[in-house]
Amino acid sequence: MSEFPLGVDISAYQYSSDGKQKPNFDIINAKCEFVAVRAGISFGYQDKWFRYSWDNIKVPRMAYHVIYPGESAVSQMQHFLNIVRPTATDRLVLDMELDHGQTKTKITDTLIKCLEYVREHTGRYPIVYSRASWVNQFLDVSRLPKLDWWLAGYRKPLPSPLYTPEATPPPALPKGVDNWLIHQTCERGNGSEFGVASHYVDIDRWNAGNKEIAAFFGLGEETTPEPEPP
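Definitions and cut-offs
All residue numbers refer to positions counted from 1 along the written sequence of the respective chain. Only residues with pLDDT of at least 70 get local features here, since the model is predicted, and only at 80 or more are side-chain atom pairs given and counted; chain-wide, interface and lining totals rely on the full set of residues. Only hydrogens and water are set aside when side-chain values are computed; all heavy atoms of the structure are taken into account. In this description a helix means any DSSP run of H or I spanning at least four residues, a strand means any run of E spanning at least two, and both kinds are numbered starting from the N terminus. Working rule for helices: expected span equals 1.5 Å times residues minus one. Throughout this description, buried means an accessible area under 20% of the type-specific maximum (1.4 Å probe, protein chains only), exposed means over 50%, and partly exposed covers the range between. Residue contacts follow a heavy-atom distance rule, with two residues in contact if any of their heavy atoms lie within 4.5 Å. Here a polar contact means two N or O atoms within 3.5 Å. Within protein one must be a hydrogen donor candidate and the other an acceptor candidate, and residues neighboring in sequence count only if both atoms are side-chain atoms. Under this scheme, a helix contributes an axis fitted over its contacting stretch, all axes are lines through C-alpha atoms, and angles between N-to-C directions fall in the 0 to 180 degree range. For this classification, under 35 degrees means roughly parallel, over 145 means roughly antiparallel, 65 to 115 means roughly perpendicular, and everything else is oblique. When the near helix sits turned anticlockwise from the far one by under a right angle, the crossing is termed left-handed; a clockwise turn instead gives a right-handed crossing. Any residue outside Ala, Val, Leu, Ile, Met, Phe, Trp, Tyr, Cys, Pro, Asp, Glu, Lys and Arg is labelled polar, Gly included; the first ten of those are nonpolar and the last four are charged. The nonpolar core is taken to be a set of buried Ala, Val, Leu, Ile, Met, Phe, Trp, Tyr and Cys residues, with the residues joined through side-chain atoms within 4.5 Å.

Side note on helix α3 (residues 73-84)
Over its twelve residues, α3 extends 17 Å from the first C-alpha to the last, a length consistent with the 16 Å expected when each residue adds 1.5 Å. Buried residues of α3: A73, Q76, M77, H79, F80, L81, I83 and V84, and no others. Contacts from the buried residues of α3 go to β2 (34-41), β3 (45-46), α2 (50-56), β4 (61-66), β5 (91-95) and α4 (104-122). Two or three places before V74, at the start of α3, stands the capping residue S72, its side-chain oxygen 3.4 Å from that residue's backbone nitrogen. Of the residues one or two after α3, R85 is the one with positive phi, at around 50°.

Right, here's the structure in full:
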């Protein structure tokens, strides 16, 4: 597993409810080669600890935003970009795992509009987070541009409060997707190991054979070309 660079993704859930217990970012920055932070949800919610987390991460960082497929793509993306105010070396992620009773066509339409809005305003498409089973049911991959995929895939969870070991990459790929960038290998990782207040933490692995991390974030001498539009 060590050949796959390690990261975590965090949100307000990794803080205590009163905010007195915060993640230890010295531990996170020492253990992780990349970190993702929840920015918000739809067009009206901002993670109350996003900015604190974001400002304390010293490794390559990604901000993710949960998409409501029945709501305005433009309003959601304006909200997302206003929260993050990304720099040239930050990367954005669209969290696609809610259907809210919408059709595959509607969900795909919303995602495409979100993708194009972010590309227009940042110069590149965001990463898409999901899982193979959800994508197969709710997205028409044939209509999407070439994207970087962050895909969840876990082992069967052990009974709480036990920690569940990571699944071994690669994740299952959706139909029509031929590669992956990040595998979310675990949602019941040991939170204390990463210095967070929550019992559990999500663990992720980077596909080192896909893209070198520094280059992907624009931190190395190399630059990574944008995915071509369809």
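The structure having been displayed, the exposition proceeds.
Focus: the packing of α3 against α4
Remark: α3 packs on α4, axes separated minimally by 9 Å, with the N-to-C direction vectors making an angle of 40°. Taken together, the axes of α3 and α4 lie oblique to each other. Of the two possible hands of crossing, α3 and α4 adopt the one that is right-handed. Where α3 approaches α4, its residues A73, V74, Q76, M77, Q78 and L81 are matched on the opposing element by T110, K113, C114, Y117, V118, H121 and T122. For the contact of α3 with α4, the per-class residue count stands at seven nonpolar, five polar and one charged.

With respect to the nonpolar core
In terms of nonpolar packing, the biggest core is built from 53 residues, with V84 and W149 touching the most fellow members. Of all the elements, α4 adds the most residues to this core, at seven residues. Excluding anything up to four places from it in sequence, W149 contacts I127, V128, V135, L139, L144, V177, N179, W180, L181 and I182. Core analysis: the next-biggest nonpolar cluster, separate from the first, contains 15 residues, A36, A152, W206 and F216 among them.

Quick look at unusual backbone geometry
Note on backbone geometry: most residues besides glycine have negative phi, and most peptide bonds are trans. Of note, the amide linkage connecting S160 to P161 takes the cis form, showing an omega dihedral of 10°. Look at the link from P169 to P170: it is a cis peptide, with omega at 10°. Along the polypeptide, P170 turns up in the loop between β7 (149-152) and β8 (182-190). Of note, S42 is a non-glycine position whose phi angle comes to about 55°, a positive value.

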